[in-house]
Amino acid sequence: MAKILLEMRNITKTFPGVKALDNVNFKVEEGEIHALVGENGAGKSTLMNVLSGIYPYGTYEGDIVYDGNVCQFHNIKDSEKLGIVIIHQELALVPEMTIGENMYLGNERGHKLAIDWNTTYSEADKYLKMVGLSESSKVQVKNIGTGKQQLVEIAKALAKKARLLILDEPTSSLNEEDSRALLDLMLEFKKQGMTMIIISHKLNEVAYVADTITVVRDGATIETIDNHGTEQVSEERIIKGMVGREMTNRFPKREGVTIGDVQLEINNWTVHHPLYPERKVVDDVSMYVRKGEVVGIYGLMGAGRTELAMSIFGQSYGTNISGEMKIDGKPVKMKKSEADAIKHKIAYVTEDRKGNGLVLSQSIKVNTSLAHLDAISSHTVIDGDKEYAVAEEYRDKLKIKTPTVEQLVGNLSGGNQQKVLLAKWMFAEPDIMLLDEPTRGIDVGAKYEIYCIINDLAAAGKSVVMISSELPEVLGMSDRIYIMNEGKFVGEMKAEEATQESIMAVILQSGRGA
Amino acid sequence: MEATKTQESFVSKLIKVITRNPIVFLLLIAAIVVGCLVENFFSWANLTNLLSNTAIRFLIALGVSGCLITKGTDLSAGRQVGFAAVVAGIMCQRGDYNGRLWKFLPEMNIGLVFVIVVLVGLFWGLINGLIVSKLHVPPFIATLGTQTIIYGISLVISDAQPIGGFQKIYTTLINGRIGNVRGFHLPYLLFVAAVFGLVFWFIYNKMRFGKYMYAIGGNDIAAEVSGVNTTRTLIRIYTTAGIMYAVAGYLLAAKSGGASASMGQGYELEAIAGCTIGGVSTTGGIGTVPGILIGVLVFELLKIILQFLGVNPYYNYVVQGLVIVLAVALDIRKYIAKK
């Protein structure tokens, strides 16, 4: 048996009122890739924050044994000194600074007084090569894509002489291609003897890359699954550990839904970039969606999916939008106004629930009624009782887990936040719902519930457009699928005819054609 | 084909530079027009005047720039300048001057006074820094509060009286200048400004402290997880700012030949305006020392243009206010476009 590099013994971490970690034990062998999986709020990130010293020694109980020694980390610098480097989920780069400046931020080269920029940039270039980036380290971070930014993060960790690298959701903002490249890079590092811990929601990636999988649930380690063998552990097996029961079907069946007439139709829809008006972000797209139908739009990040949806929603994105829009067969000229879109019974549920979707500092109640205050007010005065009743109604309908609708949205889990966001738009009583990445960053159980809500919407005769970059989800939930690449629709398939392979093939072919 | 392409890109580059700094170019054009219309605008004496006015404003702007780059602000800048001027003025009064405020003091060495004034500035800056970083009070409110406190104390110690009767060495040294080419002199103040400009350039480009400042302004969470001590950096920024205001106040009292508590009123806005015109972004993380210099210079140029045009001085405030709003509006537009 290989040497144990890290052992976390009986870790208990309590926040006021909550026990986030309860007697957790966690062992990592030297030279392995160890995956940490669990639902949101299960305690994965808390555990890693304890390990890296973000929660300093003394604020938790238990021992950290690293490389045979009991360690007491008082801050990030302490753990980094021993080669424990954490790469956070949200990219921790300063966009205005160069790659080199970012890599050595807090870890500068040179004299105490003055930074030695020559050494900084030449060393940075060396590490960039190791992660397969050909960019110069003098390029500003804002000028490279997210995929490359993630690689910069890894180069930054290497520059700190990482021995144990912790990657928290490293692929959450990457497309499939970049994700695969990143995972292969991890396997390459493993060959060179690096030890890694990966936290991920994407179980196929975990199964692909990890040697050992530890499942965390409700602040405790539930089990450790061995994945050393050639036979990859199945996603269902991991899910079972995460939710504590078998999930035979990840996508609920939609039954008894009759698909009706075409409700929304757009033809030759072209949208230009607001800053670079010569650039077409959406290029000559035609699509339709019928009552009771769920239409999936699949595309890689940057394909123009969000931009398409937002341009339909009262031109909230883009300039110089051309093309025809019909609702219920009648041509519609929509103003550049979200309010006008809502009047036309269109709702756009954003992919960015924290940034654009919800007012985190306000209650569930306030958020639920925000897009349709007319319905609960008379002569511009809001009827508090009605507002409360509406929020309660949607809480029950969507199974939002909260003791009271007065709870601040910022205190909810990702899945429950997503439900509040859906509630807000459902209350606006739209006929057409554009859902942008409705399950991004939420856990398996909550995903299932969101899918059920989508099915209910279809059953109620709504026209649903679901944008997603998760292929299984698109395949499992849609009646019809549009495939988008580089601003264009490059394919349309019926769900029962589509497979992961056929969709990827369409994208690859269109890429070559361009 | 290739040639026209590069030509085009040169023109478009030029347009880009102009559209990014519209105020700078508008005012330069205005200066040229005024210079052609009004006599004596293009004179060496006027240039001397412009440069020595700019020198002190530049020091204040350097001070406040760190606060702006970290998405903060410092509304106490002007009052701190006034406070430093009052303290310097009181301590630099002649021993035999009848109206001495603090009669118990002996005639003081002006070098020693400088050190004391700087320490006082450091103190106020430290207070601001602690309130902002430790108590997490938004800088706007924090410094709005401290500026009132500082003004109050200024009034108390100066007895709300104008202070005069400075030692000769104090005023002559600060107002000293070298050379005389047809009315053009190099005031000592200019050298002081140049030295501080270089020091700040070094801090902002070569030192960890400077890089941490940009990092906090660009993405404070990134700075934090990279192991940057953001609390300490913020305290240092506000403290450095306080020192700069103190230096400016010390020089200003001597330059004017008198001091009072109301001195420096509104300088914070001029400094913030200068920084913004010079490309320091109010959304954080962006700003350079040469940019700040250009911004302050252009703002002083605006004042002189108005003066030469014979505009009623009361209208100056109106125009200056408009320019400040315009500068920030343009800066924010860049930010909105980026989103």
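Conventions used here
Throughout this description, residue numbers start from 1 for each chain and increase along the sequence as written. Labels follow written order: the first chain is A, the first ligand is 1, and so on. Under the rules for a predicted model, residues below a pLDDT of 70 receive no local features and side-chain atom pairs below 80 are neither given nor counted, while totals for whole chains, interfaces and linings still include all residues. To qualify as a helix, a DSSP run of H or I must reach at least 4 residues; to qualify as a strand, a run of E must reach at least 2; elements of each kind are numbered from the N terminus. When we talk radius of gyration, it's over C-alpha atoms, and the globule rule is simply 2.2 Å times the number of residues to the 0.38. The exposure scheme places C-beta atoms from the backbone and then counts, for each residue, the other C-beta atoms within 10 Å of its own, assigning buried at 20 or more, exposed at 12 or fewer, and partly exposed in between. C-beta atoms are placed from the backbone for every residue, and two residues are taken to be in contact when these atoms lie within 7 Å. The split of the chain into domains comes from an automatic or database domain assignment. In the scheme used here, Gly and all other residues not listed as nonpolar or charged are polar, with Ala, Val, Leu, Ile, Met, Phe, Trp, Tyr, Cys and Pro taken as nonpolar and Asp, Glu, Lys and Arg as charged. A helix is expected to reach a length of 1.5 Å times the quantity of its residues less one. In this analysis, strands are considered paired if DSSP registers two or more bridges between them. A fitted line through C-alpha atoms serves as each axis, taken over the contacting stretch for helices, and the angle formed by two N-to-C directions is quoted from 0 to 180°.

Some details on the overall build of chain A
Consideration 1: Looking only at helices and strands, chain A features 17 helices and 22 strands.
Consideration 2: Scaling as 2.2 N^0.38, a compact globule of 514 residues should have a C-alpha radius of gyration of about 24 Å, and chain A matches this with 24 Å.
Consideration 3: In terms of its C-alpha atoms, chain A occupies a principal-axis envelope of roughly 70 × 50 × 50 Å.
Consideration 4: Residue burial in chain A is summarised as follows: out of 514 residues, 45% are buried.
Consideration 5: For chain A, contacts bridging at least 24 residues in sequence account for 68% of all contacts bridging at least 6.

Notes on the domain arrangement of chain A
Residue and element names in this part refer to chain A.
Consideration 1: What the domain assignment reports for chain A is domain 1 (1–83 + 163–247), domain 2 (94–161), domain 3 (259–345 + 430–514) and domain 4 (354–429).
Consideration 2: For domain 1 versus domain 2, the separation of C-alpha centres amounts to 26 Å.
Consideration 3: Listed by partner, the interface residues are nine residues for domain 1 and eight residues for domain 2.
Consideration 4: For the side of domain 1 that touches domain 2, the element with the most residues is helix α6 (residues 176–191), which contributes three residues.
Consideration 5: Residues belonging to the side of domain 1 that touches domain 2 are distributed by class as follows: five nonpolar, two polar and two charged.

Describing helix α14 (residues 414–427) of chain A
Residues and elements named next belong to chain A.
Consideration 1: Helix length check: α14, at 14 residues, gives a terminal C-alpha distance of 20 Å against a target of 20 Å (1.5 Å per residue), a fit within 8%.
Consideration 2: Of all 14 residues in α14, 13 are buried, a share of seventy percent or more.
Consideration 3: Once α14 finishes, Glu429 follows within two positions and takes phi at roughly 50°, a positive value.

Side note on the sheet that holds strand β6 (residues 84–87) of chain A
Residue and element names in this part refer to chain A.
Consideration 1: Taken in spatial order, the six strands of this open sheet run β6-β7-β8-β3-β9-β10, and their pairing is mixed. Two strands close off the open sheet at either side, each with one partner strand: β6 and β10 (220–226). Shown here is a sheet whose adjacent strand axes are inclined to one another by a mean of 20°, direction ignored.
Consideration 2: One ladder, built from four bridges, connects strand β3 (residues 33–37) with strand β8 (residues 195–199); its direction is parallel. The residue of β8 that forms the bridge with His34 is Ile197.

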